[in-house]
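So you can see what is in the structure, the chains are spelled out below.
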Amino acid sequence: MGAQDTLSPVRHVIALDVGGTGMKAALAGAGGELLHQARRATGRARGPEAVVEGILDFAAELRAYGEERFGEPAAAAGVAVPGIVDAARGIAVYAANLGWRDLPLRDLLAERLDGIPVALGHDVRTGGLAEGRVGAGRGADRFLFVPLGTGIAGAIGIDGRVEAGAHGFAGEIGHVVVRPGGAPCPCGQHGCLERYASAAAVSEAWAAACGDPDADAADCAKAVLSGDPDAVRVWRSAVDALADGLVTALTLLDPRTLIIGGGLAEAGETLFTPLRAAVRQRVTFQKLPSIVPAALGDTAGCLGAGLLAWDLLDNTDRTEVTP
Ligand SMILES: [Zn+2]
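All values reported here derive from a predicted model rather than from experimental measurement.

Overview of the overall build of the protein chain
Scanning the protein chain for helices and strands turns up 10 helices and 13 strands. Taking 323 residues into account, the globule formula puts the C-alpha radius of gyration at 20 Å, and the protein chain, at 20 Å, falls close to it. For the protein chain, the spread of C-alpha atoms along the principal axes amounts to about 65 × 45 × 40 Å. Looking at the protein chain residue by residue over its 323 residues, the buried ones come to 49%. Counted over contacts in the protein chain with a minimum sequence separation of 6, partners at least 24 positions apart contribute 61%. Each charge sign in the protein chain was given a centre, from 28 positive and 39 negative side chains, and these centres are 4 Å apart.

This is how it looks when you write it as structure tokens:
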């Protein structure tokens, strides 16, 4: 820390990404770079009040750390949370896995952080913001970010921001019905995309096909590479469903770049080569977007939270971030 003591203060913001099991935090500099990173458990077993207290404590500790290390406290904070989020009012409306309802998280944080500006964002849209500005969609004026994890969500990028929709539900491509009358989905419909093409759905299908209850989507991808016919069938069915859902989305949105992330995208070209072919096969008049893997991995949410915080301080330059 010695060298820092003699330098001028470093302007920075707090970035916090709250997940179902863990929280990732950072202090982010003006170019979005992460100056300091920390992680800790969300501790949802202790109940929603304790989770909120844990978030506020973590943020306050980061602010104190920043003041000591960089010579001034954070100028703003950005926080990404799962579930339904009303970003405009700063309210975490609902999160099934964390148990809160109508939580005024933005105001609680601002109060705890001595009144600095605080932005609250939806986890996937915030991650998408980072992928669009500083990750795989960098330079794309229109993009769609689709992480394939336990479920499937989406972030619609337009001119450097992410569209939330009138009620905060925009981008929910995982619940586009691709197999009418198909598998029931917890959302109440049948045949939703995420029942076929999420990492969880592929894991489930492969475990049933190979008879090993512990086999997952990554094992399926490996078996595809070795030419296992059952694995090829399971993988093909997921890729076809995904292509059906993505073509619906690109017909509506005409994105320049389609960014695919989450656990299933870790299969690399085992996913991307057949996926690009399947999308190409389905389009007629639509323009093909470039289909690329996400670049930021599990730091996307944290980087995006930092961008949200910087946007509060400087609204004049929303589309270009210089590292
Ligand atoms: Zn659904």
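More follows now that the structure is in view.
Some remarks on the coordination of the zinc ion
His175 (ND1), Cys185 (SG), Cys187 (SG) and Cys192 (SG) make up the full set of protein donors to the zinc ion, lying at 2.0 to 2.3 Å. If you look at the zinc ion, its four donor atoms make angles of 105 to 120 degrees with each other, and the shape they trace is tetrahedral. One chain supplies every donor for the zinc ion, spaced along it as H-x9-C-x1-C-x4-C. With a relative accessible area of 0%, Cys192 lands in the buried category.

Here we look at the packing of helix 2 (residues 48-70) against helix 3 (residues 105-112)
At their nearest, the axes of helix 2 and helix 3 sit 10 Å apart, and the two run at 40 degrees to each other. Judged by the inter-axis angle, helix 2 sits oblique to helix 3. In terms of crossing hand, the pair formed by helix 2 and helix 3 is right-handed. In this structure, helix 2 contributes Val52, Glu53, Ile55, Leu56, Asp57, Ala59 and Ala60 to the contact, and helix 3 contributes Leu108, Leu109 and Arg112. Of the residues assigned to the contact of helix 2 with helix 3, the class counts are seven nonpolar, no polar and three charged.

A closer look at empty space enclosed by the protein
What the rule picks out here adds up to one cavity of 30 Å³ or more. By volume, the largest cavity is sized at about 40 Å³. Around the largest cavity, the lining residues are Lys24, Ala25, Gln37, Ala38, Arg39, Thr299 and Cys302. Within the residue set of the lining of the largest cavity, elements represented by two or more residues are strand 2 (22-28) and strand 3 (34-41). Broken down by element, the residue count for the lining of the largest cavity peaks at three residues, all from strand 3. A class-by-class count of the residues in the lining of the largest cavity yields three nonpolar, two polar and two charged.

Comments concerning the confidence of the model for the protein chain
Per-chain confidence: the protein chain averages 93 in pLDDT, with 95% of residues scoring 70 or above. For residues 316-323, every residue scores under 50 in pLDDT, and the model assigns this stretch 14 contacts once sequence neighbours within four places are set aside.

The rules we used
- Per chain, residue numbering runs from 1 following the sequence as it is written.
- Given that the model is predicted, a residue must reach a pLDDT of at least 70 before its local features are reported, and side-chain atom pairs must reach 80 or more before they are shown or counted; all residues, however, enter totals for whole chains, interfaces and linings.
- Hydrogens are left out, water is left out, and the side-chain values use all remaining heavy atoms of the structure.
- Going along the chain from the N terminus, every DSSP run of H or I of four or more residues is numbered as a helix, and every run of E of two or more is numbered as a strand.
- What the globule rule says is 2.2 Å times the number of residues to the power 0.38, and the radius of gyration is computed from C-alpha atoms.
- When a residue's accessible area, from a 1.4 Å probe over protein chains only, is under 20% of the maximum for its type it is buried; when over 50% it is exposed; and in between it is partly exposed.
- Residue contacts are defined here by distance: any two heavy atoms, one from each residue, within 4.5 Å place the two residues in contact.
- We count Lys and Arg on the positive side and Asp and Glu on the negative side, and we leave His and both chain ends out.
- In plain terms, the charge of a residue is placed at NZ if it is Lys, CZ if Arg, CG if Asp and CD if Glu.
- Counted as donors are N, O and S atoms no farther than 2.8 Å from the metal, or 3.2 Å for Na, K and Ca; water is not among the atoms, and sites may therefore look incomplete.
- Any site counts as irregular unless it has four donors with all angles between 85 and 135 degrees, making it tetrahedral, or four or six donors with opposite ones more than 155 degrees apart and the rest between 65 and 115, making it square planar or octahedral.
- Structural elements are reduced to axes, namely lines fitted to C-alpha atoms, with helices fitted over the stretch in contact, and the angle between N-to-C directions of any two is expressed from 0 to 180 degrees.
- With respect to orientation, any angle under 35 degrees is reported as roughly parallel, any angle over 145 as roughly antiparallel, any angle of 65 to 115 as roughly perpendicular, and every other angle as oblique.
- Each crossing gets its hand from how the near helix is turned against the far one by less than a right angle, where anticlockwise is left-handed and clockwise is right-handed.
- When residues are grouped by polarity, Ala, Val, Leu, Ile, Met, Phe, Trp, Tyr, Cys and Pro land in nonpolar, Asp, Glu, Lys and Arg in charged, and all others, Gly among them, in polar.
- Cavities and pockets were defined on a 1 Å grid built over protein atoms only: a cavity is a set of grid points that admits a 1.4 Å probe from which the probe cannot escape, a pocket is an open set flanked by protein on both sides within 12 Å along at least five of seven lines, and lining residues are those with an atom within 4 Å of any such point.
- Grid points are joined across faces, edges and corners, and a volume is the space filled by probe spheres set on the points.
- Looking at any residue, its pLDDT shows the predictor's confidence there, from 0 to 100.

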